[in-house]
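Topology and contacts: notes
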Amino acid sequence: SQQGEEDPQALSIQEGENATMNCSYKTSINNLQWYRQNSGRGLVHLILIRSNEREKHSGRLRVTLDTSKKSSSLLITASRAADTASYFCATAPDTGRRALTFGSGTRLQVQP
Amino acid sequence: DAEITQSPRHKITETGRQVTLACHQTWNHNNMFWYRQDLGHGLRLIHYSYGVQDTNKGEVSDGYSVSRSNTEDLPLTLESAASSQTSVYFCASRSGRGDTGELFFGEGSRLTVL
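Residues numbered from 1 in each chain as written. Chains lettered and ligands numbered in written order. Predicted model: local features only at pLDDT ≥ 70, side-chain atom pairs only at ≥ 80, totals over all residues. Heavy atoms only, no water.

Side note on the nonpolar core
In plain terms, the rule: The nonpolar core is taken to be a set of buried Ala, Val, Leu, Ile, Met, Phe, Trp, Tyr and Cys residues, with the residues joined through side-chain atoms within 4.5 Å. Working definition: with a 1.4 Å probe on protein chains only, accessible area under 20% of the residue-type maximum means buried, over 50% means exposed, and in between means partly exposed. Every helix listed is a DSSP run of H or I at least four residues long, and every strand listed is a run of E at least two residues long, numbered separately from the N terminus. The contact definition used throughout considers only heavy atoms, calling two residues in contact when any of these lie within 4.5 Å.
Counting 20 residues, the largest nonpolar core has A:Met21, A:Leu32, A:Trp34, A:Leu74, A:Ile76, A:Tyr87 and A:Leu108 as its most contacted members. Elements that contribute at least two residues to this core include exactly strand 3 (19-24), strand 4 (29-37), strand 5 (43-50), strand 7 (61-66), strand 8 (71-76), strand 9 (85-93) and strand 11 (106-111) of chain A. The contact partners of A:Leu108, leaving out residues within four places of it in the chain, are A:Leu11, A:Ile13, A:Ala19, A:Met21, A:Ile76, A:Asp83, A:Thr84, A:Ala85 and A:Tyr87. If you look at the next biggest cluster of nonpolar residues, it comprises 19 residues, including A:Phe102, B:Leu43, B:Tyr48 and B:Tyr50.

Focus on the interface of chain A and chain B
Condition: Accessible area, probed at 1.4 Å, shrinks when two parts are joined; the buried area is that loss added up over both. A side-chain nitrogen of Lys or Arg and a carboxyl oxygen of Asp or Glu constitute a salt bridge if their distance falls within 4 Å. Polar contacts here mean pairs of N or O atoms no more than 3.5 Å apart (in protein, one a potential hydrogen donor and the other a potential acceptor; neighbouring residues in sequence count only if both atoms are side-chain atoms).
Counting from both sides, the interface comprises 22 residues of chain A and, opposite them, 25 residues of chain B. Regarding the contact of chain A and chain B, the summed buried area is about 1,800 Å², with carbon and sulfur atoms giving 49% of it. Inspection of the region where chain A meets chain B yields one salt bridge. Across the pair B:Glu107 and A:Arg41 runs a salt bridge whose closest N-O atoms are separated by 2.4 Å. Inspection of the region where chain A meets chain B yields five residue pairs in polar contact (both at pLDDT 80 or more).

What to know about the layout of surface pockets
Put simply, the test is: Within this scheme a cavity is a closed region of a 1 Å grid, computed over the protein atoms alone, that accommodates a 1.4 Å probe without allowing it to escape, whereas a pocket is open but has protein on both sides within 12 Å along at least five of seven lines; lining residues each have an atom within 4 Å of a point. Grid points are joined across faces, edges and corners, and a volume is the space filled by probe spheres set on the points. Classes in brief: Ala, Val, Leu, Ile, Met, Phe, Trp, Tyr, Cys and Pro nonpolar; Asp, Glu, Lys and Arg charged; the others, Gly included, polar.
Here the largest pocket defines a volume of roughly 700 Å³. Considering the residues around the largest pocket, the lining is formed by 31 residues, among which A:Gln37, A:Ser86, A:Phe88, B:Gln37 and B:Leu39 are closest to the centre. Every element with two or more residues in the lining of the largest pocket is listed here: strand 9 and strand 11 of chain A together with strand 4 (31-38), strand 9 (87-94) and strand 11 (109-113) of chain B. Considered as a void within the structure, the second largest pocket measures approximately 180 Å³ in volume. Lining of the second largest pocket is provided by 15 residues; of these, A:Gly42, A:Leu43, A:Val44, A:His45 and B:Phe105 occupy positions nearest its centre. Residues belonging to the lining of the second largest pocket are distributed by class as follows: six nonpolar, five polar and four charged.

Here it is, written out as structure tokens:
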């Protein structure tokens, strides 16, 4: 079963708008990461937030983490057509196997 | 520049044949992983390794095997390919033993089993 589940599954917005994607997970985590995947390519790491952090920024990206609700959100501000991609959250457990578990992703389409 | 490469990028094979997908990284990372990506399932972990001679099963390991004879390579073998193994396969690596940091991914290998 998937540890992380993204919502929505697909999102279409206009250039300049903000895009928000949500991720829910089931077990205790060490950290949560967001990745981007362009069509036909490998995944690229965007940002990592640790379990003791609540918010993190990187350029136009803002990630929040609520461990009490087991949820995270990724906000892309002032979106561009080049942001069109699939976005995945991935969780690293705080015990046991230390491999990342990925969700099923959100497909973002930014219309020029 | 350091990188992670997968080969072949595309392969078509027949049911029952043995297939090996190669993964080579030049970062000298201890940790290497194989995932498969299918529509509606995201990425699912097949096998992983924390170092030479170390291999571990992931959540969908049945029908797959890996070996780690050196730091750079983690080949994935399908002993007898099945149609259910048609998928896109991604290799990834990261530094540190047991570290939970970011993964670096290859470009993927698209496998079709007829």
